[in-house]
Amino acid sequence: METPSNIAFIDLAAQQDYLKAKIDAAIAKVLKHGRYIMGPEIAELEEQLSQFTAMTQTVSCSNGTDAITLPLMAYGIGPGDAVFAPSFTFAATAEVIALRGATPVFVDVDPQTYNIDPEHLKTTIAQIKAEGTLSPKAIIAVDLFGQIADYPALREIADSEGLKLISDAAQGLGSTLKGEHAGKWADVVTTSFFPAKPLGCYGDGGAVLTNDEELADIMRSLRVHGKGLDKYDNVRVGVNARLDTLQAAILLEKLVVFPEEIIKRNRIADRYAKGLSGVVDVPMVMAGAVSTWAQYTVVSSARDAIMASLKDMKVPSVIYYAKPLHQQTAYKHYPVGGGQLPVTERLAGEVFSLPMHPYLGDNVQEYIISSVKSAADAANV
Ligand SMILES: *Cc1c(COP(=O)(O)O)cnc(C)c1O
């Protein structure tokens, strides 16, 4: 049980306590049938995830990074191709593009939602086309911190430019806009079941979701070494990117409570917003959107001083993301829309995230809020 003197940034133990009997039974069942690879829980989870997100096809896989790799491979994206992505994200979003030999092109984010800015995307696509050396192929939007990206605007751009639209929903699976999941607009939605993500397993895991049956079939082949109908005739060069049966069994139990956890996360976010607006910049949610609040991320020009005081008060806080990808060693030679990304660069210097998980108690949250207030007071903001 969390107390104000013992606060977890993400309390996975509280969720485990809540689900322990069911998860133990689910694990025991897998140990009993012994089908550790592609056991019956895999198909069951894929069916449940398709229903949850209103998609027709789910391809479970090894992690959220491979989940983005599979559609890039299936689309044949490679050298000479440009894939547009935000720089203000986790490295995996751009890593997979570079690993395919394609070129990540970095786009700025909206100052309010922290998600890819459709207007800046348009000018960046125009810039790449005018330069004429790369051929634009896809957009990877990220549902950063759990908030759905502006998919209606992104779909329009993708259609008018003939680009594939991929949703990196590693943090945002379950987020909606006017009741619709990202797959209503995106060609492919990818997610991660890394333990700390809103829907996490007890190890690595991921999934790709789509309504494109042909694409899903190619990805099912790619995930098992490019297998064909005949097990001994591989029809394409693939990878080993399966999800473990044990993780699927755990996820099936966690998925049952996930909708109620999203509601709890939103109550906690509302309480943070009430308690902290005017103290720091609290995150804005688009009209009609429901976030999964993978992180509760606030902005302050006094960020470093506030975080130092919070540390003294034993309130954990973390910076996502301190260094945007276009400034990191491995990625700084890739093209950047307009040459620089002012919003991304400012946010990297001012954001910090507060403890957020569905089991955060009222008293603990009140303590966090009052700590942030006194830290901001001390920092004179
Ligand atoms: C976590 C994350 C990934 C990668 O997921 P893994 O399961 O760790 O491979 C990709 N994109 C974003 C935005 C993430 O947050």
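Residues numbered from 1 in each chain as written. Predicted model: local features only at pLDDT ≥ 70, side-chain atom pairs only at ≥ 80, totals over all residues. Heavy atoms only, no water.

**Student:** Sorry, what's going on with the side chain of Thr 344 here?
**Tutor:** With respect to the helices and strands, Thr 344 occurs in helix H10 (residues 342-350). Residue classification places Thr 344 among the buried positions, given a relative accessible area of 0%. Among the polar contacts listed, one links the side chain of Thr 344 to the side chain of Asp 108, at a separation of 2.6 Å. The contact partners of Thr 344, leaving out residues within four places of it in the chain, are Ser 87, Phe 88, Asp 108, Val 109, Pro 324 and His 326. (Helix = DSSP H or I, 4+ residues; strand = E, 2+ residues; numbered from the N terminus. Buried < 20%, exposed > 50% of the residue type's maximum accessible area, 1.4 Å probe, protein only. Polar contact = N/O pair within 3.5 Å; in protein donor to acceptor, adjacent residues only side chain to side chain. Contact = heavy atoms within 4.5 Å.)

**Student:** How should the sheet that holds strand E1 (residues 57-61) be read in this particular structure?
**Tutor:** Through backbone hydrogen bonds, the strands of a sheet pair up, either in parallel or in antiparallel fashion. Read from one edge of the open sheet, 7 strands run E1-E8-E7-E5-E4-E2-E3, paired in mixed fashion. Taken across any chain shown, the strands that pair with only one partner, and hence form the sheet edges, are E1 and strand E3 (103-107). Along the sheet, successive strands turn relative to each other by an average axial angle of 25 degrees, direction set aside. Where strand E2 (residues 81-86) lies against strand E4 (residues 135-142), 4 bridges are found, and the strand directions are parallel. When the sheet's bridge partners are listed, Val 83 is paired in E4 with Ala 138. Running over the sheet, helix H3 (residues 64-74) touches E1, E4, strand E5 (164-168), strand E7 (188-192) and strand E8 (206-210) and is turned about 160 degrees from E7. (Pairing = 2+ DSSP bridges. Axes fitted to C-alpha atoms, helices over the stretch in contact; angles between N-to-C directions.)

**Student:** How should the site of the ligand be read in this particular structure?
**Tutor:** Around the ligand lies a shell of 14 residues, among which Gly 64, Thr 65, Asp 168, Ser 192 and Lys 197 are the nearest. Side-chain polar atom of Asn 63 to an oxygen atom of the ligand: 3.5 Å apart, as the coordinates give it. Contact distances for the ligand include 2.7 Å between an oxygen atom and a side-chain N or O atom of Gln 171. Compared with its free state, where it exposes 380 Å², the ligand has 93% of that area covered by protein. Mapping the ligand onto the cavity grids shows that it belongs to the largest pocket. The set of elements that each furnish at least two residues to the shell around the ligand consists of H3 and helix H4 (92-99). Grouping the amino acids of the shell around the ligand by side-chain chemistry returns 4 nonpolar, 8 polar and 2 charged. (Near = heavy atom within 4 Å. Areas by Shrake-Rupley, 256 points an atom, 1.4 Å probe, with all protein chains shown as cover. 1 Å grid on protein atoms, 1.4 Å probe; cavity = no way out; pocket = protein on both sides within 12 Å on 5 of 7 lines; lining within 4 Å. Sits in = over half its atoms within 2 Å of the grid points. Nonpolar A, V, L, I, M, F, W, Y, C, P; charged D, E, K, R; others polar.)

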